[in-house]
Amino acid sequence: MNAFLSSALACAAAGGLAWPAAARAGTVEDLQSEYVVDSWQTEHGLPDDFVNSIAQTPEGYIWIATFNGLTRFNGSAFVSFDAGNTPELKSSRLTNLRVDHAGRLWISAESGALTIWHDGHFELPLFADGKPASALAVREDRGDSWLSQSWNATNFWRLAGGRFEPVSSAKTFRERFGNFSDSQGRPWCEFSNCLCCLDPTHPLTVPIPNFAPHGWRLAAARDGGLWMVAHRIGEYHDGAWSADAPLPLETDRFNGVVEDANGFFWVGTDDGELWRVATNGAVRRFKIRGAASSQVGRGLMLDAEGNIWFGTGGSGLFRLKPRVVRSLGAGDGLASDLMRSVSADGAGNVWFAAVNRIDWMKSTEAGVIQRRPEHIVLPWEMLGGRDGSMWAATFSEGLFQLWADERKMKQYLFDSRPTPPINVLFEEANGALDIGTPRGLAHITNDSLAWDEWPPGLARMDVRAMAEDARGRLYVGLDDNGLLIRTDGSWSHCTSHDGLGSDQVRSLCVASNGAIWIGTLDGLSRWQDGKIFNFAVENAESGAGYDLPRIVTAMIEDGAGYLWLASNRGLFRAREEELNAVAEGRARAAAVFHYDRSDGMGSSQCTGDHQPSVWKTKDGRLWFATMNGVSIVDPAAMPLNTRPPPVVIEAVLADEAPQPLPSANRHEVEAPAGSTRLEIRYAALSYTDSQGARFRYRLEGFDNDWVLAGHRRTANYTKVPPGRYRFRLIAANNDNVWNETGASLDIRVLPLFWQTGWFRAAAALAVVGLMVWFYTLRVRHLHDQQALQESFSRRLLESQEQERKRMAAELHDSLGQNLLVVNNYAAMALKEAPEAAQGRLRKISDSAAACIEEVRAIARSLRPYQLDRFGLSKTLEDIGDLLSHAGGLEVATEIENIDGLLSPAAEISVYRIAQEWLTNVVKHAQATRARLVVRREAGRVRLVLEDNGAGFDYTAVMARGGTQRSFGLVNMHERARLLGGALGCVTAAGQGTRWTLEIPYEDADRGSHRG
């Protein structure tokens, strides 16, 4: 049989605060003295205070059956189900819960109605004929589920294919399937005053012992045996019954039995008591404060973390766990629950400063509080001296020196008045006693208290904490003035400007590695080698276990590598090496463990502003002064919750409306279109310290990194864009053990119709279509503008040519003819005129002839008649020859016949371009040679016009505006554009000029365009 002594009991005994190893049968104790007991009633959400059965399903939920329905508990909140809100529950009067090997929760009602919870939903088990199954009892045998409507029935049903099929047997239901399963799942039954194991691989018949003739109960033993509880208690193991122990009352009214993780056996009774039986047969009887009902222990259950749960017949649900922290208060004999200071003397006696009284406890009489007869008003601090005496500081009566075994007392007063309160008592390594007050430091001189000199330049010295390191440096924490450091008689000063968390220093602790831990009203700081690191709470990554308190009132090392911090929120424990790693940048976070009232503290608020308010006794235990007594911790016996907490996602709300969670027909949560707020509720199913769980979550696809949520149990998002996301959640229990697998949930945020892909595609197509349409309109408009401009330019040129043609005709047919008549008359008159008049007539004839040539030249310039008479090719040759004969410029022509290739208007434009070029050569080029080449190529006419003149800056000339611009060049380009051709120019200063004109023409063989 395995060992049954609990570690909690053993540690308490070793620590000197042991409770009786075996109480007398008639002694009834208070359970809260040894265990932390929490309870829940209807005001906390329990549907009924009459609890019938408790079970824990594999995912970690605690389920409670009551006469007013079923409820599910996650450690923080209850979710209730009854016949009114859950159709599968045919009755709300529920009597029994049972979890089978597949993790299904079987729910039995008083009426026999059955319901199953599995995979997140309720379902009704059915008989083969389709009717809802009902039963008096449900059993499981080697993985099969069976039910019967009567213990003595020979007809019962087996679950097969989702329905119960009838099975006939000569044995009764009790005989065939038993009424109990041991820790290995083997069924047992009662038959002929024997216990029979029905497992065919382990057949066994055990006689019922004589101490249990009737009214007994069986429970599974952790070592594989059976516990039997009747008027006595015994265990069957390895073929024999163990030595039985008498129970304190002659009763057979047992509500539940269970064996806990430490080997204790618990029995709940109808007499309102809870019994704990140890391996040596000793029985402890407990009453539970708050459990007024006589029916205690209903549905006794051990959860996966080792906590014991039980119900009552009217006082609700209870959970108990061993105390981590032991508390002493007024109920244990202390003068007051308000404890100001705690210390121990050289003999190991523990002293307490309470309101208007000093108490002490001999080291040889653990748990026995003794009172000092002296009346000391408002004792504030107690400090054990190396000489075995005890120093007691007061609010207004100075300092007292006491001795434990001698009824004597000595008082020390300040020379000056009024007497200030003493905040700190500290003894240096050399034996000097330092006394800290709001007015500075003091010491004992000639049986009185004398003031020390203040450090230079210090305007205020309100002392709140002191410490000394191995090198003899003295550290003094001040209120609103930071930290003073005395080294070899000289002082240095550090404040928040140097990195302290706050100038209000409340506690100091010298670490074994020489670092100084500084507790302030704004967090923890570390001073080492002249550098300060501030563990600021606002920068703490609480989701990773870095959850230090903001207000640190006292600190102490436990000798096992941990630093303990007292605060207004309880006790905190962290490994110093991890804190140093954070301070030195080698780690992001340190694991921090938190203890408060739920762990046994009388009050979560520790006493502040006084030193010492924490003390380590010779046995290694830590004593903390609190607002409700003294809290005692044994660091060597700290339990560790090694079970990673199961993590569940319980609800998703979109704009405060709950959304269906995934099921067999739905693999993701869908948030309605247009949702602006998304809330995800989750829990860690750890019950040792439900509120101590910490969380980290991430919405993949939205969050870039993990969100450190601390203890918060909801994730809130706003304006999550439509799309698919995965919510991942991990959690740590109260001892910082992480469930890194966690839970995940696929979430889809549905889009509004204008956020859908098809709408966006349609919108994109529409935008593209509009852009194309606008572009087409623009191009069409530009084309129309261009066509209009070309039409205007063409009409302008045509009108110019028409006007030139008219003027040329007028000059030739009118003025030219008249001048010819004049010339003819002059010639005729010259023949007949006297010699004296012939000179004048000759001049008239010559002038008329010159005018005729000039008119003809002007007419040819306005409208070369050669175009009409001889064609474009001949006309281009003529203008080249004309310039060559004029002298000064040698023009070479190489002209192929291009007559008829271009329209008359195009021929005019080509002629004008050539004419403009030749005119520029004559006027500006300063050339001696020029060449005009005309070639007929496939589908186009190519003209090359080049000279060896001075050249010019073509880009600069074309860029000129207004009157500076060359209209001749512009006209050349405009005519070429109207012809549908291309005019190019290559020129540079001193390198001549080369023009190239290419004009398409209509070729019947190629189908080209005509200019």
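Within every chain, residues take consecutive numbers counted from 1 along the sequence as written. Residues qualify for local features only when their pLDDT is at least 70, as the model is predicted, and side-chain atom pairs are given and counted only at 80 or more; totals for whole chains, interfaces and linings, by contrast, use all residues. Hydrogen atoms and water are omitted, and side-chain values are computed over all heavy atoms in the structure.

A separate point is the confidence of the model for the chain. Fine structural detail should not be taken from predicted coordinates in areas where pLDDT scores are low. Values of pLDDT, ranging from 0 to 100, describe the predictor's confidence in every residue of the model. Averaged over all residues, the pLDDT of the chain is 83; the fraction at 70 or higher stands at 88%. Contact criterion: two residues are considered in contact whenever any of their non-hydrogen atoms come within 4.5 Å of each other. Under a pLDDT of 50 for its full length, residues 1-25 has, in the predicted model, 55 contacts with residues more than four places off or in other chains.

Before going further, it helps to spend a moment on helix α3 (residues 576-583). Exposure categories follow from relative accessible area, calculated using a 1.4 Å probe and restricted to protein chains: below 20% of the type maximum is buried, above 50% is exposed, and the middle band is partly exposed. In DSSP terms, a helix is any run of H or I states spanning at least four residues, a strand is any run of E spanning at least two, and both are numbered starting from the N terminus. Extensive coverage of α3 is indicated by the burial of six of its eight residues. For α3, the elements touching its buried residues are β50 (516-520), β51 (523-528), β52 (531-535), β53 (552-557), β54 (562-567) and β55 (570-575). Directly beyond the C-terminal end of α3, a positive phi value near 80° is found at G585.

Glancing now at the sheet that holds strand β59 (residues 629-633). The rule for pairing is simple: two strands pair if DSSP sees at least two bridges between them. One open sheet holds the four strands; their spatial order is β32-β59-β58-β57, and the pairing between them is antiparallel. With one partner strand each, in any of the chains shown, β32 (325-328) and β57 (614-616) form the two edges of the open sheet. On average, each strand axis in the sheet is inclined to that of its neighbour by 20°, with strand direction left out of account. Pairing geometry for strand β58 (residues 622-626) and β59, over five bridges, is antiparallel. Directly across from T626, in β59, lies its bridge partner G629. Orientation is described by lines fitted to C-alpha atoms, with helices fitted over the stretch in contact, and by angles between N-to-C directions that extend from 0 to 180 degrees.

With six of six residues buried, β51 lies mostly within the body of the structure. Where burial is concerned, the two faces of β51 agree: the one with G523, S525 and W527 and the one with L524, R526 and Q528 are both buried. One ladder, built from five bridges, connects β50 with β51; its direction is antiparallel. Bridge assignment links G519 to a residue of β51, and that residue is L524. Where β50 folds back on β51, the antiparallel hairpin that results is connected by two residues.

Ring pairs are drawn from Phe, Tyr and Trp, using the six-membered ring of Trp, whenever the two centres fall within 6.5 Å, and their geometry is named by plane angle: stacked under 30 degrees, edge-to-face over 60, tilted for the rest. A complete count under the given rule lists 40 aromatic pairs for this structure. Ring geometry for Y697 against Y717: centres 6.2 Å apart, planes inclined by 75°, an arrangement best described as edge-to-face. With Y697 in strand β64 (residues 694-700) and Y717 in strand β66 (residues 714-718), this residue pair connects regions lying 20 residues apart in the sequence. Taking relative accessible area as the criterion, Y697 reaches 4% and is therefore assigned buried. Relative accessible area serves as the criterion here: at 6%, Y717 is assigned to the buried category. When the centroid spacing of 5.0 Å and the interplanar angle of 80° are considered together, the rings of F753 and W754 count as edge-to-face. Since its relative accessible area comes to 45%, W754 is described here as partly exposed. Ring pairing ties together the aromatic residues Y682, F695, Y697, F702, Y717 and F727, which thus form one cluster. Here, a charge over a ring is recorded when the distance from Lys NZ or Arg CZ to the ring centre is within 6 Å and its angle to the ring normal is within 35 degrees. The ring of F593 has R573 lying over it, and the distance from NZ or CZ to the ring centre is 4.7 Å. Cation over ring: R696 sits above W738, and NZ or CZ is 4.4 Å from the ring centre.

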